[in-house]
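# Notes for the structure review
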Amino acid sequence: MKKFILAAIFFVVASAANFADATEIDRAFYFGNAETSYPVVITKNLDATAKINLEIRNEVKSFIEWVNKQATENQFNNVTIGVDYQIPCNHENGILSIILTEYVNFEGSAHPSTFQRSLNFNSDSGVRLTADTLSEIAKNEIDYTPPELTRKLRAYAEKNNIYLFEDFQQLTKIPDDFYFDDDLHVHFLFQQYEVAPYAAGIIDLDADAKY
């Protein structure tokens, strides 16, 4: 059996960082593979830079290790994998949002799987921003509680002709995957099969929009 193993080596393609700006973003490749790229964040604060980049590398490493484990346990000979990223928010107030898009296609699977994992930071301190402090971070009076998010999700699904699972009743907690956009709107990400069938894809709910 051909093993699918990627060593934990990171290659950085560095552009010249301009430290006049608060946060610079370079691109790195996992194991030198052009299909697996992730951001390298450079701030004026060396401690913050180290904290943020450690979190990013750990997420990419965790995904690669999960793929390796699945490939080994299920004896998949051929696996296609990819990682890319978006920076929906790199705000002057210090809010930095990163979306890692992780893709895998195991040989013999009905279809490939895609995940979008969000990482949010205070780029000045390197502190990870969590869902339980959203209202404080966003500095607004929008209700991010599970009942209100459930209502908005159902309204969004109806507006966009998305079929939600019949057994989906209500969110029991604030989703872990969220991000800020350039307008500091809070978006929640619902993964494939989380609340809807595969055909719905990953649902991106702007929780600050009116529904």
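Residues numbered from 1 in each chain as written. Predicted model: local features only at pLDDT ≥ 70, side-chain atom pairs only at ≥ 80, totals over all residues. Heavy atoms only, no water.

### Regarding unusual backbone geometry
The residue Leu 184 is not glycine, and still its phi comes out positive at about 65°. Despite not being glycine, Tyr 193 shows a phi value in the positive range, around 75°. Structurally, the position occupied by Tyr 193 is in the loop between β8 (186-190) and β9 (203-206). Relative accessible area serves as the criterion here: at 46%, Tyr 193 is assigned to the partly exposed category. (Helix = DSSP H or I, 4+ residues; strand = E, 2+ residues; numbered from the N terminus. Buried < 20%, exposed > 50% of the residue type's maximum accessible area, 1.4 Å probe, protein only.)

### Quick word on helix α3 (residues 146-159)
If you check α3, its first and last C-alpha atoms are 20 Å apart, about what 14 residues at 1.5 Å a residue would give, namely 20 Å. Within α3, the full set of buried residues consists of Pro 146, Glu 148, Leu 149, Thr 150, Lys 152, Leu 153, Tyr 156 and Ala 157. Here the buried face of α3 lies against β8 and β9. Count one or two residues on from α3 and you reach Asn 161, which has phi positive near 55°. (Expected span 1.5 Å × (residues − 1). Contact = heavy atoms within 4.5 Å.)

### Here's the deal with the sheet that holds strand β6 (residues 113-122)
Here we have three strands laid out as an open sheet, ordered β4-β5-β6, and antiparallel in their pairing. Of all strands in the sheet, those bounded by a partner on one side alone are β4 (79-90) and β6. Direction aside, the axes of adjacent strands within the sheet are offset by 15° on average. The sheet contact formed by β4 and strand β5 (residues 95-106) spans ten bridges and is antiparallel. In the sheet register, Thr 80 faces β5, and the bridge partner there is Asn 105. Most of the contacts of helix α1 (residues 46-73) go to β5, to which it runs at about 15°, and overall it touches β4, β5 and β6. (Pairing = 2+ DSSP bridges. Axes fitted to C-alpha atoms, helices over the stretch in contact; angles between N-to-C directions.)

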